[in-house]
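Structural description and commentary
One-letter residues, chain by chain:
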Amino acid sequence: QAINAMGQLETDLGPDLQNQFHAKVLPALTHVMDDAANPRVQSHAAAAVINFTENCHKDILVPYLDVLLAKLVQLLVGGVRIVQEQAITAIASVADCVEQHFVAY
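Attention here is on the structure that accompanies the text. Note that the coordinates shown come from a computational prediction; the quantities given were computed from them, not determined experimentally. (Residues numbered from 1 in each chain as written. Predicted model: local features only at pLDDT ≥ 70, side-chain atom pairs only at ≥ 80, totals over all residues. Heavy atoms only, no water.)

Notes on the nonpolar core
Put simply, the test is: In these notes, a set of buried Ala, Val, Leu, Ile, Met, Phe, Trp, Tyr and Cys residues joined through side-chain atoms within 4.5 Å is what counts as a nonpolar core. Each residue's exposure class comes from its accessible area (1.4 Å probe, protein chains only) as a fraction of the maximum for that residue type: buried when under 20%, exposed when over 50%, partly exposed otherwise. By definition, any uninterrupted DSSP run of H or I lasting at least four residues is a helix, any uninterrupted run of E lasting at least two residues is a strand, and each is numbered from the N terminus. By definition, residues are in contact when any of their heavy atoms lie within 4.5 Å.
One finds Met33, Val49, Phe52, Leu61, Leu68, Leu72 and Val94 to be the most contacted residues of the largest nonpolar core, which totals 30 residues. Contributions of two or more residues to this core are made by helix H1 (2-13), helix H2 (16-32), helix H3 (39-54), helix H4 (58-61), helix H5 (65-78) and helix H6 (81-98). A total of seven residues in this core trace back to one element, the largest contributor, which is H6. Once you skip the residues sitting within four places of it in the chain, valine 94 turns out to touch Val49, Thr53, Leu61, Leu65, Leu68, Leu69 and Leu72.

Right, here's the structure in full:
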């Protein structure tokens, strides 16, 4: 539920939330993506990344690309279907946000 709420806050409070709290939010989301025992939590974390990127300037997201994309690809390759669906959508959302910076990946 907390991850779901975070995603909603990212939408409701963006872009202020992204600008002020990216250093807390993004590491927290990538951390819970490791919770393989709870695919629903992983799925919600990927969905929250989608919400985060919708109101995020690329300069904020670029420093997190290596870790964030590694986690999302890990979910895409090893997750259950619901996790994979959110992970691929999150990857697309990140790519859309960071534009030319995604080329390296």
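Moving on from the model shown.
Here's the deal with H3
Structurally, the α-helix is built with 3.6 residues per turn, so residues lying three or four positions apart point the same way. Filter applied, for reference: By this rule the span expected of a helix is its residue count minus one, scaled by 1.5 Å.
Taking 1.5 Å as the rise per residue, H3 with 16 residues should run 22 Å; its terminal C-alpha atoms sit 23 Å apart, in good agreement. Every buried residue of H3 is listed here: Gln42, Ser43, Ala45, Ala46, Ala48, Val49, Ile50, Asn51, Phe52 and Thr53.

Section: the environment of glutamate 99
How we decide: Polar contact criterion, stated in full: a pair of N or O atoms within 3.5 Å, where within protein one must be able to donate a hydrogen and the other to accept it, and residues adjacent in sequence count only if both atoms are side-chain atoms.
When you line up the elements, glutamate 99 lands in the segment after H6. For glutamate 99 and lysine 58, which are 41 residues apart along the polypeptide, the C-alpha to C-alpha distance reads 7.6 Å. Among the polar contacts made by the side chain of glutamate 99, one reaches the side chain of lysine 58 at a distance of 2.8 Å.

Concerning the environment of threonine 11
Inspection of the secondary structure assignment puts threonine 11 in helix H1. A C-alpha to C-alpha distance of 24 Å links threonine 11 and alanine 70, two positions 59 residues apart in sequence. Apart from residues no more than four positions distant in its own chain, threonine 11 is found in contact with Asn51, Glu54 and Asn55. Within the structure, the side chain of threonine 11 is placed 3.2 Å from the side chain of asparagine 51, a separation counted as a polar contact.

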